Structures are given as structure tokens and as C-alpha cells.
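Chains, contacts and geometry: an overview
This is what each chain is made of:
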Amino acid sequence: MKSLRKEEKEYMITRIQEFFELERGEEIGELAADQFLDHMVKELGPFLYNKGVHDAREMVEQKVMNLDEDLLSLERPAGRPSRS
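Attention in this report is confined to the structure presented alongside it.

Looking now at the nonpolar core. Counting residues in hydrophobic clusters, the biggest one holds 5 residues: Ile13, Ile16, Phe20, Ala33 and Leu37. For this core, the elements supplying multiple residues, two or more each, are helix 1 (6–24) and helix 2 (30–73). Of the residues forming this core, the biggest block, 3 residues, is contributed by helix 1.

This is the structure we're talking about:
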């Protein structure tokens, strides 16, 4: 796993070890926790990544819509007023 900083990966490994101990009553070593983390990243990572992309896209679309509304509100009437 090259995209995680060393400190991030160490933190995750520790949290995995704590989970196994507290929730399952099992002790696992660093190597097992590292392998579990790698497996979860490979299997679940794409789903989580795609969800993040989807959420970011929705946020950007909302910001663009708000910006468009803000820009339209700056327009001023132009030309001669029409007589009815």
C-alpha cells in the first residue's frame, strides 16, 4: 500500500489489532493485521473511493449551481424599457 503514509498505516494496523482483541477476543500480530488491511483496501477500497468521488461531484455540482445563481443575480437590465 504505497498511498498511505507510514504513520497512517501503523495507526490502522493498531486499530485492527484493537478491534480483533476487543470485539472478537483474538490477538493478531502486526503481520496479520497488515495483511488484513491490505485485503480490505483491495476489496473495499474501490467502493469507498467511488463513494468519495460521487460525494465530491455532488458537492461541486451544488457549488456550481449556487455560483451560477449568484452570477445571474449580478446582471443588470439593459436596453430601453418597452412600452406596453
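Next up on the list: the packing of aromatic side chains. Under the counting rule described, the total for this entry stands at 2 aromatic pairs. Measuring from ring centre to ring centre gives 5.9 Å for Phe19 and Phe20, while their planes differ by 90°; the resulting arrangement is edge-to-face. Of the residues examined, Phe19 reaches a relative accessible area of 45% and is grouped as partly exposed. By relative accessible area, which is 11% here, Phe20 ends up buried.

Together, Leu44, Phe47 and Leu48 give the surface a local cluster of nonpolar side chains, amounting to about 360 Å² of exposed area. With respect to the secondary-structure elements, Leu48 resides in helix 2.

Where helix 1 meets helix 2, the axes come as close as 9 Å, and the angle between the chain directions of the two elements is 105°. The orientation of helix 1 relative to helix 2 falls into the category roughly perpendicular. Between helix 1 and helix 2, the residues in contact are Lys9, Met12, Ile13, Ile16, Gln17 and Phe20 and Glu30, Ala33, Asp34, Phe36, Leu37 and Asp38, respectively. Looking at the contact of helix 1 with helix 2 residue by residue, the class counts come to 7 nonpolar, 1 polar and 4 charged.

So, about the pattern of salt bridges. The full count for this structure, using the stated rule, is 9 salt bridges. Across the pair Glu26 and Arg24 runs a salt bridge whose closest N-O atoms are separated by 3.0 Å. A residue is classified by how much of its surface remains accessible, and Glu26, at 31% relative accessible area, is partly exposed. Salt-bridge contacts for Glu61 lead to Arg57; the nearest nitrogen and oxygen are separated by 3.1 Å. Of this pair, Glu61 and Arg57 both sit in helix 2, 4 residues apart, roughly one helical turn. The class for Glu61 is partly exposed, based on a relative accessible area of 44%.

The rules behind these values
- Residues numbered from 1 in each chain as written.
- Predicted model: local features only at pLDDT ≥ 70, side-chain atom pairs only at ≥ 80, totals over all residues.
- Heavy atoms only, no water.
- Core = buried A, V, L, I, M, F, W, Y, C linked by side-chain atoms within 4.5 Å.
- Buried < 20%, exposed > 50% of the residue type's maximum accessible area, 1.4 Å probe, protein only.
- Helix = DSSP H or I, 4+ residues; strand = E, 2+ residues; numbered from the N terminus.
- Phe/Tyr/Trp six-rings, centres within 6.5 Å; stacked < 30°, edge-to-face > 60°.
- Patch = residues over 30% accessible without salt bridge, like charges linked within 9 Å, V, L, I, M, F, W, Y side chains within 5 Å.
- Areas by Shrake-Rupley, 256 points an atom, 1.4 Å probe, with all protein chains shown as cover.
- Salt bridge = Lys/Arg side-chain N within 4 Å of Asp/Glu carboxyl O.
- Axes fitted to C-alpha atoms, helices over the stretch in contact; angles between N-to-C directions.
- Parallel < 35°, antiparallel > 145°, perpendicular 65-115°, else oblique.
- Contact = heavy atoms within 4.5 Å.
- Nonpolar A, V, L, I, M, F, W, Y, C, P; charged D, E, K, R; others polar.

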